[in-house]
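This is what each chain is made of:
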Amino acid sequence: MPVKLQGAVALRKALAIVEPTLAKETSKEIASFLKPVVKNARGFLPSNEDAPSGWLKRSNAGGRWANRSYDAQEARKGITFKSTPSKPNRRGFVALASIFNKSAAGAIYETAGRKSGVTGNFTPRLGGQLVGKGQKMTGRAIFRAFEDDRGKAQDGVVKAIFKAKDKFDSMKDKV
Amino acid sequence: MADLRIDLASEFKGKKAFKEADGAVSGLDRAVGKLGKQFVGLFAAQKLYSFGKASVKAFAQDEASARRLASAVDNLGLSFSQTRVEDFIQNLEKSAGITDDVLRPAMQSLLTTTGSLTKSQELLNNAIQISRASGIDLATVSQDLANGYVGITRGLKKYNTGLTQAELKSKSFADILGIMLSKSAGAAQDYLSTTAYQMDVLTVATDNAKEVIGKGLVEAFAKIAGGSDATDAAKAIDNIAQAISKVVVFTGTAIGLVEKFRKAYTNFLAGGDVNAMLAPNKASSNRSSSPAGTYRRTQQQNAAEKAALKRQQDLQKSLLKTTKALTDEQKKQAALKKAQSIFDLDQIQIIAALKGNISAEDRTRLEAQAAILNGNADLATKLTKDILMAQDSTGKLYQYFLSIPTAKNPFAYLDDWIADFQKKLNSLTMNTSYTQATLAPELAAIGVVAGYGDYAGSVANQSPNTLYPSYGMQTGGGDTVINVQVQGSVIREQELIDKVMAGTQLSSLSGSPSQIGRIAGMFG
């Protein structure tokens, strides 16, 4: 579960307007905590040789699986992070920092079997390990990397925002 | 598709908040000012429980490793040196920036092996130096050194000493350690100036703080729960953690309330000021204040070191004794072999002949034979030369003897003969086709029927054989019927088989020489 803060979005907006340098520094600092998780998550993706052969990209592929075939490079590219505030989601929450698994194949690898179990002909052949707490926060790539990180990234992000706030406060006092 | 993202920190802005974002800047001062307190409240509430748990765990691990080391020290008869060992570990922890959790097992392995406190301290310092230089963790290095101390030097290969496996085996541990220390000289000092060392010091300080807090928490929470051990403490921590989480969820201003709640709750249950209870008790140093205590400790330490030294000396003595016994046994075997040579018949004859009144030349010949029998090649060559030179003083005979080639195989010609014979056999050709001969008219006139192997006609024309009776066997027509008559009555085939088998068995048990020979395998 993400840590809930108050006033952080406003702080970052203010920073971007009043102190763009500090805003950039904050983004960089947040990124430095997210990068290791992303790198680790990319490492959990299987290579094309290790993925089930029937799932790989084929020249004559058609239908619904045409754009869901697995390509290790594409899946790796799909795992990214964002260190700036997002748009509010349906419940009204704004994420201050996020890690994504954007590609279709990456999402399949991430989540396959987390609801129905590792059964059937496809899921057991994926390998990897479903790690996480609760169904929504369980996966083989980003969720596993996040779990392995043991909250270091989360603490780092919060500290970075807090640090920016302190700096901003001190600048404000000087003015 | 599921929205695959992890939000590390978020803020609730309400559904229409994004439209009001511009207006929010005006309220920034208040929001930013409150941020610290709110963050501390919420963040601390989430982290308090996990930090408390981690601290208690760190304390428990530290306590367990200290107990293990204390037991090892006790078992070595160094119980009075407990404080010195603990002091040494603590000082080393501060100076080297290595946590006591790592140092204690390393010290324990060295102490158990060497049995000497001073030697273990020296080796632990050496291990740290080698570990810094090689990058191999301290536990592995200390274990390797402990093994090396008792002669198992195989593990020292990985430190790139430049010694071969054979040299590692043959050299003493002190020599090898000297080489390793010379190669890693200065590494420990250099490490002290690195950032990694500063980080290590910070880690040590953090861990120690965690252990101290953990100890305090265990004691305090145990008292809160009305008990005295860690189980009671765990129960209390869980209860308080649940209470804290409820407070956080329902009030949102966690930290102030939690603090108040915790203080009130704990003070009420503990029946006093918890802060006073949390203050760590001064641990007993176990150090005697009297000079007599110091004397006893020193005496015990000396005794233990003497015992360790004696053990090592005994081991060396035992090894020496075994080697000596082996050498003696080899000598005895050699003497026995020499004595056995006296009973060699060839030698007996030569020695007997040498005792007789013989010419100088014959004596030389006999001595040469004796030298050949005993395998003394130098003497045999010399005596052979003497004999040949005596027969021909010009030395030509001796030169001829030297030029004689090695004796050839006398049956070598047989190989050529067999090969030639085989070749001739292979060249032979046989006509495999068969041409039937025509029947001569004179044979046909006397009733001989044509055809290869057609015997039926000739048998039919023969007169009855009265000269050689059949003795029960009757022939007639094309079929031959053999009737076997068995003494007594045989009704069925199985009975016949049984009878034959019984007869065979009786025959084999009869004891006749031929049967015995067959059973003993004399014919095969």
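Residues numbered from 1 in each chain as written. Chains lettered and ligands numbered in written order. Predicted model: local features only at pLDDT ≥ 70, side-chain atom pairs only at ≥ 80, totals over all residues. Heavy atoms only, no water.

As for the overall build of chain B
Counted only if it meets this: Only DSSP runs of H or I with at least four residues qualify as helices, and only runs of E with at least two residues qualify as strands; both kinds are numbered from the N terminus onward. Burial here depends on accessible area, computed with a 1.4 Å probe over protein chains only, as a share of the maximum for the residue type. Under 20% is buried, over 50% is exposed, and the range in between is partly exposed. The contact rule is simple, with two residues in contact once any of their heavy atoms fall within 4.5 Å. Each accessible area is a Shrake-Rupley result for a 1.4 Å probe, and residues are judged covered by the shown protein chains and nothing else.
Within chain B, the secondary structure is distributed over 23 helices and three strands. For chain B, the residues scored as buried account for 25% of the 524 residues in total. The contacts in chain B between residues at least 6 apart in sequence include a share of 53% that link residues at least 24 apart. For chain B, the accessible surface area stands at approximately 36300 Å², while carbon and sulfur atoms represent 58% of it.

Here we look at the overall build of chain A
A tally of helices and strands in chain A yields seven helices and five strands. When its helices and strands are written in sequence order, chain A yields β-α-α-α-β-β-α-α-β-β-α-α. Taken over 175 residues, chain A has a buried fraction of 47%. Counted over contacts in chain A with a minimum sequence separation of 6, partners at least 24 positions apart contribute 60%. Here chain A displays about 9700 Å² of accessible surface, and carbon together with sulfur accounts for 51% of that area.

Focus on unusual backbone geometry
All names here are of chain A. Even without being a glycine, Arg-150 presents a positive backbone phi close to 55°. Mapping Arg-150 onto the fold places it in the loop between helix 6 (142–149) and helix 7 (152–174). Judged by its relative accessible area of 76%, Arg-150 falls in the exposed class.

Observations regarding helix 15 (residues 345–355) of chain B
Residues and elements named next belong to chain B. Convention followed: The arc in question is traced by the directions running from the helix axis to the C-beta atoms.
Among the residues of helix 15, Gln-347, Ile-350 and Leu-354 are the ones counted as buried. Around the axis of helix 15, the buried residues are gathered within 65° of arc, so they sit on the same side. Within helix 15, the exposed residues directed more than 90 degrees away from the buried face are Leu-345, Gln-349 and Lys-355. At its buried positions, helix 15 is contacted by helix 16 (360–373).

Section: the sheet that holds strand 3 (residues 93–101) of chain A
Counted only if it meets this: Strands are labelled as partners when DSSP assigns at least two bridges between them. To obtain each axis, a line is fitted to C-alpha atoms, and for helices this fit is confined to the stretch in contact; angles are then taken between N-to-C directions over 0 to 180 degrees.
Pairing in this open sheet of four strands is mixed, and the strands run 1(A)-1(B)-3(A)-2(A) from one edge to the other. Whereas interior strands pair on both sides, the edge strands pair on one side only; in this sheet they are strand 1 (3–4) and strand 2 (79–82) of chain A. Where strand 1 of chain A and strand 1 (residues 5–12) of chain B come together, two bridges link them in parallel fashion. Directly across from Val3(A), in strand 1 of chain B, lies its bridge partner Ala9(B). Sheet strands touched by helix 6 of chain A: strand 2 and strand 3 of chain A together with strand 1 of chain B. Its angle to strand 1 of chain B, the strand with the most contacts, is close to 70°.

A look at the packing of aromatic side chains
Residues and elements named next belong to chain A. So the rule is basically this: Side-chain rings of Phe, Tyr and Trp (the six-membered ring for Trp) are treated as a pair once their centres are within 6.5 Å; stacked means planes under 30 degrees apart, edge-to-face means over 60, and tilted covers the remaining angles. For a lysine, the NZ atom is tested; for an arginine, the CZ atom; a charge sits over a ring if that atom is within 6 Å of the ring centre and within 35 degrees of the ring normal.
Taken as a whole and judged by the stated rule, the model has five aromatic pairs over all chains. Between the aromatic rings of Trp-55 and Phe-122, the centroid separation amounts to 5.2 Å while the plane-to-plane angle is 90°, which identifies the pairing as edge-to-face. Here Phe-122 lies in the loop between helix 4 (104–111) and helix 5 (123–126) and Trp-55 lies in the loop between helix 2 (20–44) and helix 3 (72–78), a separation of 67 residues in the sequence. Taken together, the ring pairs connect Trp-55, Tyr-70 and Phe-122 into an aromatic cluster. The cationic tip of Lys-102 hangs over the ring face of Phe-100; the distance from NZ or CZ to the ring centre is 5.3 Å. The ring of Phe-162 has Lys-165 lying over it, and the distance from NZ or CZ to the ring centre is 5.4 Å.

Remarks on the confidence of the model for chain B
Residues and elements named next belong to chain B. We apply this condition: Every residue is assigned a pLDDT by the predictor, reflecting its confidence on a scale from 0 to 100.
In the predicted model, chain B carries a mean pLDDT of 73, and the fraction of residues at 70 or more is 65%. Strand 2 (residues 474–475) is the least confidently modelled element of chain B, averaging 46 in pLDDT, while helix 19 (residues 412–427) averages 86, the highest of any element. Here residues 472–477 scores under 50 on pLDDT; set against residues more than four positions off or in separate chains, the count is two contacts.

A short note on the pattern of salt bridges
Close approach of charged atoms allows side chains of opposite charge to pair. Residues and elements named next belong to chain A. Rules: Criterion for a salt bridge: a side-chain nitrogen of Lys or Arg within 4 Å of a carboxyl oxygen of Asp or Glu.
According to the stated counting rule, one finds 15 salt bridges over all chains in the structure shown. Notably, a salt bridge pairs Glu-29 with Lys-163, separated by 3.1 Å at the nearest N-O pair. Here Glu-29, found in helix 2, pairs with Lys-163, found in helix 7; they are 134 residues apart in sequence, far enough to count as distant. With relative accessibility at 24%, the residue Glu-29 sits in the partly exposed group. Beyond isolated ion pairs, a larger network of salt bridges with shared partners links Lys-165, Asp-166 and Asp-169.

Considerations on a nonpolar patch on the surface
Residues and elements named next belong to chain B. Which entries qualify depends on this criterion: Like-charged residues are merged into a patch within 9 Å and nonpolar side chains (Val, Leu, Ile, Met, Phe, Trp, Tyr) within 5 Å, provided each residue has over 30% relative accessible area and no salt bridge.
Judged by side-chain polarity, Phe-411, Tyr-413, Leu-414, Trp-417, Ile-418, Phe-421, Leu-425 and Leu-428 come together as a nonpolar surface patch covering roughly 890 Å² of accessible area. Its place among the elements puts Phe-411 in the loop between helix 18 (396–403) and helix 19. For Phe-411, a relative accessible area of 52% puts it in the exposed group.

Side note on the environment of Ile358(B)
Residue and element names in this part refer to chain B. Its location among the elements puts Ile-358 in the loop between helix 15 and helix 16. For Ile-358, a relative accessible area of 26% gives the class partly exposed. Apart from the residues lying within four places of it in its own chain, the contact partners of Ile-358 are Ala-353, Arg-363 and Leu-366.

Details of the nonpolar core
Condition: Buried Ala, Val, Leu, Ile, Met, Phe, Trp, Tyr and Cys residues that are joined via side-chain atoms within 4.5 Å together make up what is termed a nonpolar core.
With 48 residues, the main nonpolar core has Leu5(A), Tyr70(A), Ile99(A), Val157(A) and Ile161(A) as its most contacted residues. Elements with a minimum of two residues in this core: helix 1 (8–18), helix 2, helix 3, strand 3, helix 4, helix 6 and helix 7 of chain A together with strand 1 of chain B. Here this core takes eight residues from helix 2 of chain A, the largest share from any one element.

Structural notes on the packing of helix 3 (residues 82–96) of chain B against helix 5 (residues 117–134) of chain B
Packed helix pairs are specified by the crossing angle of their axes together with the interaxial distance, meaning the distance between the axes. Residue and element names in this part refer to chain B. To be explicit about the condition: Each angle receives one of four descriptions, namely roughly parallel if under 35 degrees, roughly antiparallel if over 145, roughly perpendicular if within 65 to 115, and oblique otherwise. Crossing handedness: left-handed means the near helix sits turned counterclockwise from the far one by under a right angle, and right-handed means the same turn made clockwise. Classification used: nonpolar for Ala, Val, Leu, Ile, Met, Phe, Trp, Tyr, Cys and Pro, charged for Asp, Glu, Lys and Arg, polar for all others including Gly.
Two elements in contact, helix 3 and helix 5, have axes whose closest approach is 12 Å; the angle formed by their N-to-C orientations is 20°. The orientation of helix 3 with respect to helix 5, classified from their angle, is roughly parallel. Here helix 3 and helix 5 pass one another in a crossing that is right-handed. Of the residues in helix 5, those touching helix 3 at Arg-84, Val-85, Phe-88, Leu-92 and Ala-96 are Leu-117, Gln-121, Leu-124, Asn-125, Ile-128 and Arg-132. Here the contact of helix 3 with helix 5 is built from residues that sort into seven nonpolar, two polar and two charged.

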